[in-house]
Amino acid sequence: MAWSYGRTWWHLCLSLLLCVFICQAPGVNLLPGEKINYNLVHSWADKLGMELFHLGDFITRRKEVQESFKEAKVVSRNGASIVDSMAKEIEMMMDLKVSAVRRIMDTAENTALSHQNDMADKMFSYYNAKEMLEPNDPIPPIPTPAPDMDKDIGEPLIYVQPKVLELTPRPEFHNTAVNFSVSSVHVPVNVFDRASDVIKAIQWSENLDQIFRDNYKNDPTLSWQFFGSSTGFMRQFPASKWKKDVPVDLYDCRLRSWYMEAATSPKDIVILMDGSGSMLGQRLDIAKHVVNTILDTLGTNDFVNIFTFDKEVNSVVGCFEDTLIQANLGNIRELKEGIESFKPKLIANYTAALTRAFEILEETKSSSRGAQCNQAIMIIGDGAPENNRAVFELHNWRDPPYKPVRVFTYLIGKEVANWDDIRWMACENQGYYVHLSDTAEVREMVLNYIPVMARPLVLGRHDHPVIWTQVYADIEDTKLSDYLWDIKQCEEQKADVLEYWQVQDRMLHPKEMARRAYRRTKESWNQPVDSNVYQFMTTVSMPIYDRRENANITEEVLINEALWELQTRETRIANILGVAGTDVPINEIKKLLSPFMLGVNGYAFIVTNNGYVLFHPDFRPIFQGYILKPAYNSVDMIEVELLDDDRPPRDFNPVLMTIRDSIINQSTGSKWMLVKNHFDEMKRVARIKRQYYWTAIKNTPFTLVISYPEQYGVSRMDIRAEQEIHRINIKGTNIRSFFDGKRWKIHPDWLFCKHSNRTFRTPETELMFFLERMSEPGWHWPASRSAMPPEHAAAMFCDRQLMQALVFDARVTEWFSKNTSFNSKDDKGNEFKQRFGVTVAFLATHSGLTRWHEFHSNMPEEPGVGETFSQHNKRAIDEIWYKRAVDQHFIREESFVYSVPFDAGESNSEILVTASHAIFHNEGGKSAPAAVVGFQFQHSALYKLFHNITGNACAVDDKDCYILDNNGYVIISSRQHETGRFFGEVNGAIMKRLVEEKVYKRVIVYDYQAVCFDSKNDNNASNTLLSPLYHVMRLGKWLLHTALWYIVQLVHWTPGVSAYSEMYLDMNGTEPEPEHDDNSQVKNTAWLRYLTLHRTRLKSCDMQRELYTLYNEKDNVVYNMTAHACERPFVVLPIPFSNLILLVIDQLCPRDPNLVLTVNPQKINYHFAVNESLACYKHAREFNRVRPQSCISRHANESGIKLCGRSCSIYANLTLILLCHILSRWL
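Residues numbered from 1 in each chain as written. Predicted model: local features only at pLDDT ≥ 70, side-chain atom pairs only at ≥ 80, totals over all residues. Heavy atoms only, no water.

Draft legend 1. View of the overall build of the chain. Helix and strand content of the chain: 36 helices and 43 strands. Counted over contacts in the chain with a minimum sequence separation of 6, partners at least 24 positions apart contribute 77%. When the accessible surface of the chain is summed, it comes to about 53,400 Å², and 52% of that surface belongs to carbon and sulfur atoms. (Helix = DSSP H or I, 4+ residues; strand = E, 2+ residues; numbered from the N terminus. Contact = heavy atoms within 4.5 Å. Areas by Shrake-Rupley, 256 points an atom, 1.4 Å probe, with all protein chains shown as cover.)

Below, the structure is given as structure tokens:
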């Protein structure tokens, strides 16, 4: 121990002696006006760089690692072959899903036909997903007293005891508890499950359980299978309990994209809303609810616009005038906000409105815009003065019997006289008419238009279009984001009030208010790419038809002006029974992409026919960690592939637009581009040249694209024939021995091997199972990584190339994790450990293997160090330190990349510095990244080393010394709280000079997925989204605000609490003096104004970040420049063998403290016109899209179907009527 201290003092003395020698050496005297000695700073940088390099060189044993890979070979990476192979894997997997859905569809149609004469059993017991019990659940009591008779129907309220089912959590279903024996049924709140048509469909659809089980047996990778009935219920396999994301169950399968897009071909819709003065009060609320429900039924292949009409016809969103817009989430949100502010005024001109609607639809079709398939006009009003026959004859009846535009009418109000004309419009134009008198019936009545538009599909009988949806999250309702955001705002207000009564007026200090505002704004920038909060998926679905051509129907017939009579008659029908589908989780698709073949900083993504990404490494659908963005699933590929061309925002490069057109047209091609890749929470950027390859995924609307860096992605590592697994086994070597111990992990998201009928606790356990099987005689590699039919009895699938590479890497790096070099207390490793506080050394390979070795302090051993590292650093080539090390290799080959966590100085915990270095293998003039080595050590030790080298020169008041990384973040500062901050926020003036002198280059990165917060007006009578959820939320918040106010008053007047408050203030010495001036009352209410909740709504917006990166020129002249008084009050020099620079500043020179450069996002100002928005801006610059291949909009026999709706009469039991009444009050 004494010897160790002696060596430490010896090093310190040598450092001081070196400083004295340099300061007194000839030629290093300070020049006139030079307050910072350039040569002295140069010596600091050199010494620090050499010390760190020797540390990293020894700790990581990088040369030994490089030597270990000499047996491997380097081969060229064939991008065209890779993308074709991946596309075929995905195609094979998707074909299996389509086959499963087709079997469900076929079974459902046959079963429904064979049970058409069955009687509905209203006492039928089924597994209700919201009511069924598990074995240990208490059985709910039977309702008492006996319910009254339903006066309308004359039947008692039916009670069927819930069924019991045992459920088991399964990881492949997101750890949801399921049962594979049966399916469960979800019934929406607006559907009465004992109604004859509903319970009958539930009965016959129970026969689908067998085909569900058979499908799962044939393809164990299947996710949820389901049948969504046109009556409203959904049968789902495997059975599970329904978990609610919100207090009210709002889920209705008929409003999901997979149902809507399968049930109808793409459609152009014009919604006309009556703006006459009679549309006030409840009528207006019902009308807005109808409009919003119609909008909820549309998808990205549909086009829509809303017009209100009185004497004039106006679009609810001014910039959407005279056109139809794509029904994506962003545009739908814009339309809903537009209809929210609408107020009726004058007499309605139906003729002008209908004429305008027909003209828009005709112009859309003739210009080849819009959906180019179904077209419809939807009229919402309280009565039409005439039937406008002349308008229909002119625009819609020119080619009888074909009528290109359907008309759907929604008559609003309890007491309406002019119902016959508005009904005539629908019946004579192949549409449907409904009469609405209450908000509770809106959803069910609006959905009647779906079976009508599905009639051409049903009449075609044999054509069942296969539909693939856009990506979406597994949530019950798309309005969940607004609910969560409002709840968060309420929680923040509650926290503010509670904090105020602890710190009083200190909370209102401007600096404190600014700090709190910044902290909350910063939370909104949290946009995780990988999150387990939601499961993202696409769904494949197809329609299910009623094969009957005729059926008996019972309907009300008007006998005279006051008498309605129920009559039964046989009529021609073309009914849709529902939709069959299965989910395909995005993560399951990603596992087929073999990222190992793309290498570090390579990636793949899928683009839809609309140009939207199904997934992409820069797809960021979540903000604040758990809230979905308003338009999360309509991100265009050109919004995430950012070219390095210095163009202004949304001025996309024509080359990129040409590539996009080729991709959405499902061509095959390739191209290289210079791009800006941001990473590490969008706080770092790299400017690189990338190669792109793309090809279609056949029989789907998707195109697969792969990309990798041209500089080091064109070659990859490969093994030689003699190193294959089976040859190692023949030699008698146990390949499991290469994975001894616990200091190793494999990439958790990669598909190495998979057992379809068995789950494992960890990926490492699964790997060891397969390594054991590979050692057994008779092992053969499957031909595909996708799921295989049951004849492949082994049900085991492996990626052969990946497994061969993994075993090779494990064999040649087996020595790394073993305690061989660092056990002795007398060796050099112990000295480094003591001086630098090294905690762990690690190695990650291109095959996804990570190894590490812990270094324990002299304190009792800390076995958790390695586990902590491996928990957060097990993704190998996908880790930030891996990617940065490989990029750095081409800047300074021998260098290490050093980093600290962002804003690390704000934490009170020990800061760790991470250092990493890339290992490349060279052969035959080619080189490829083989691995990255690195280590972590204590930041305090680095600071101590820096202090020892610089002496007291950086501790005096007139000098400031910083070590910055290649992106401008502070690694070392004399003020620890600045560690991890961006230097432009610490000293904006000097950062500006560094940019001007080309030390750093400013790189502007656009974020087209950002979220902003617009003020929200609570005084409007109708809400933005008009869902029950919104009103539950409003009531809750009103109660919360009222409770908080009374709590505040009680706290103020309660003696005990008041005494505590006074004691707290006395202890902190912050008790304010009594105020006697005239402004005291104003000051006393300032806190109330500050703490009042200023509600905002989520809004999609564009932002930009100004990021920075070092110029890569090794002989940058700026590093030879000396300081000169206050004209250039600093010296900056690169630190050798690193990504760091040393900056020494003369603090006595004046600078502008208000000049701050930041990497935080700033909203882009497009200088919109009045009432214009980002949606308008994007609409004016809309991109090309490819329409779906399937379009069935007409059938010659449809004119024989005469069902077109009737006035509203509710037949239900007492419970349903009460439920409707309650919902109507909440809506």
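Draft legend 2. Expanded view of the state of the cysteines. Scanning all chains against the criterion turns up seven disulfides. Between the sulfur atoms of Cys319 and its disulfide partner Cys1176 the distance amounts to 1.8 Å. Looking down the S-S bond of the Cys319 and Cys1176 bridge, the torsion is -70°, so its handedness is left-handed. On the criterion of sequence distance, the pair formed by Cys319 in the loop between strand 10 (313-315) and strand 11 (325-326) and Cys1176 in helix 35 (residues 1174-1179) is long-range, its members being 857 residues apart. With a sulfur-sulfur separation of 1.9 Å, Cys427 is cross-linked through a disulfide to Cys1204. Measuring handedness by torsion sign, the sulfur bridge of Cys427 and Cys1204 sits at about 80° and is right-handed. (Disulfide = S-S within 2.5 Å.)

Draft legend 3. Looking closely at the sheet that holds strand 41 (residues 1130-1134). Across the sheet, which stays open at both edges, the four strands sit in the order 38-37-42-41 with antiparallel pairing between neighbours. The two strands at the open ends of the sheet, each matched to only one other strand, are strand 38 (970-973) and strand 41. When the angles between neighbouring strand axes are averaged without regard to direction, this sheet yields 20°. Along the sheet face, helix 28 (residues 939-950) touches strand 37 (959-964), strand 38 and strand 42 (1141-1146) and points at about 55° away from the line of strand 38. Contacting strand 37, strand 41 and strand 42, helix 30 (residues 988-996) runs over the sheet at an angle of about 55° to strand 41. (Pairing = 2+ DSSP bridges. Axes fitted to C-alpha atoms, helices over the stretch in contact; angles between N-to-C directions.)

Draft legend 4. View of the sheet that holds strand 32 (residues 838-845). The strand order 29-33-32-36-35-34 describes an open sheet built from six strands, whose pairing is antiparallel. A single partner strand is all that each edge strand has here, and the edge strands are strand 29 (744-746) and strand 34 (897-899). On average, each strand axis in the sheet is inclined to that of its neighbour by 20°, with strand direction left out of account. By the bridge criterion, seven bridges tie strand 32 to strand 36 (residues 926-938) in an arrangement that is antiparallel. The residue of strand 36 that forms the bridge with Ala841 is Phe935. Across the sheet, helix 2 (residues 38-60) touches strand 32, strand 34 and strand 36, and the angle it forms with strand 36 is around 105°. Lying on the sheet, helix 24 (residues 800-812) is in contact with strand 29, strand 32 and strand 33 (849-854); it crosses strand 33 at an angle near 20°.

Draft legend 5. Geometry of the nonpolar core. Ranked by internal contacts, the top residues of the largest apolar core, which has 300 residues, are Tyr410, Phe983 and Leu994. The biggest single contributor to this core is helix 4 (residues 79-114), with 14 residues. Leave out the neighbours within four places in its chain, and Leu994 touches Leu964, Phe983, Val999, Tyr1000, Phe1130, Val1132 and Leu1143. Ala371, Val391, Phe392 and Ala426 belong to the second largest nonpolar core, which has 31 residues in total. (Core = buried A, V, L, I, M, F, W, Y, C linked by side-chain atoms within 4.5 Å. Buried < 20%, exposed > 50% of the residue type's maximum accessible area, 1.4 Å probe, protein only.)

Draft legend 6. Just the packing of helix 23 (residues 763-774) against helix 24, in detail. Helix 24 packs onto helix 23 with a crossing angle of 95° between their chain directions and a minimal axis gap of 13 Å. Accordingly, the angle class assigned to the pair helix 23 and helix 24 is roughly perpendicular. Every residue of helix 24 that contacts helix 23 at Leu767, Leu771 and Met774 is listed here: Met803, Leu806 and Val807. For the contact of helix 23 with helix 24, a count of residues per class yields six nonpolar, no polar and no charged. (Parallel < 35°, antiparallel > 145°, perpendicular 65-115°, else oblique. Nonpolar A, V, L, I, M, F, W, Y, C, P; charged D, E, K, R; others polar.)

Draft legend 7. Quick look at the confidence of the model for the chain. On average, residues of the chain score 85 in pLDDT, and 84% of them reach the 70 mark or higher. With pLDDT under 50 throughout, residues 146-154 is counted as low confidence; its partners more than four residues away or in other chains account for 13 contacts. (pLDDT = per-residue confidence, 0-100.)

Draft legend 8. Expanded view of the pairing of strand 17 (residues 536-545). In terms of residue burial, strand 17 counts as a mostly covered element, since 10 of its 10 residues are buried. Pairing of strand 15 (residues 467-468) with strand 17, which is carried by two bridges, proceeds in the antiparallel orientation. From the neighbouring strand, Ile467 faces strand 17, where its bridge partner is Ser541. Where strand 16 (residues 472-473) and strand 17 come together, two bridges link them in antiparallel fashion.

Draft legend 9. Main features of the side chain of Thr409. For Thr409, the location among the structural elements is in strand 13 (residues 405-412). Judged by relative accessible area, Thr409 falls into the buried class, the value being 0%. Among the polar contacts listed, one links the side chain of Thr409 to the backbone oxygen of Ile422, at a separation of 3.0 Å. The residues contacting Thr409, other than those within four sequence positions of it, are Ile379, Ile422, Arg423, Met425, Ala426, Tyr432, Tyr433 and Val434. (Polar contact = N/O pair within 3.5 Å; in protein donor to acceptor, adjacent residues only side chain to side chain.)

Draft legend 10. Summary view of the packing of helix 16 (residues 480-503) against helix 17 (residues 510-524). Packing of helix 16 against helix 17 brings their axes to within 13 Å, and their N-to-C directions diverge by 155°. Considering their axes alone, helix 16 and helix 17 lie roughly antiparallel with respect to each other. In the packing of helix 16 onto helix 17, the handedness of the crossing is right-handed. From helix 16, Lys488, Glu492, Asp496 and Glu499 reach across to helix 17, where they touch Glu512, Arg516, Arg520 and Glu523. (Left-handed = near helix turned anticlockwise from the far one by under 90°.)

Draft legend 11. Structural context of the pattern of salt bridges. Counting across every chain of the model gives 60 salt bridges. Among the ionic pairs, Asp193 bridges to Arg194, the shortest N-O distance being 3.7 Å. Between Arg620 and Asp618 there is a salt bridge, with its nearest N and O atoms 2.9 Å apart. A residue is classified by how much of its surface remains accessible, and Arg620, at 3% relative accessible area, is buried. (Salt bridge = Lys/Arg side-chain N within 4 Å of Asp/Glu carboxyl O.)

Draft legend 12. Geometry of the side chain of Arg333. Position of Arg333 among the secondary structure elements: in helix 9 (residues 329-340). Those residues in contact with Arg333 that sit more than four places away from it in its chain are Asp482, Pro630 and Leu1098.

Draft legend 13. How the structure looks around helix 6 (residues 209-218). Taken as a whole, helix 6 has its buried residues at Asp209, Ile211, Phe212, Asn215 and Tyr216. On an axial view of helix 6, the arc spanned by its buried residues comes to 165°, and they lie on one face. (Arc of directions from axis to C-beta.)

Draft legend 14. Structural view of the packing of aromatic side chains. Applying the stated rule across the entire model yields 53 aromatic pairs. Their ring planes at 85° and their centres at 5.9 Å tell us that Phe358 and Phe392 sit as a pair that is edge-to-face. In this pair, Phe358 sits in helix 10 (residues 350-366) while Phe392 sits in helix 11 (residues 389-395), placing the two residues 34 residues apart along the sequence. On the numbers, 5.7 Å between centres and 70° between planes, the contact of Phe408 with Tyr449 is edge-to-face. Of this pair, Phe408 sits in strand 13 while Tyr449 sits in helix 14 (residues 449-453), and the two are 41 residues apart along the sequence. Put simply, the rings of Phe53, Phe836, Phe896, Tyr898, Phe935, Phe937 and Phe1137 pair up and form one aromatic cluster. A cation sits over an aromatic face here: Arg61 above Phe816, 5.0 Å from the ring centre. One cation-aromatic arrangement involves Arg1181 over Tyr1177; the distance from NZ or CZ to the ring centre is 3.5 Å. (Phe/Tyr/Trp six-rings, centres within 6.5 Å; stacked < 30°, edge-to-face > 60°. Lys NZ or Arg CZ within 6 Å of the ring centre and 35° of its normal.)

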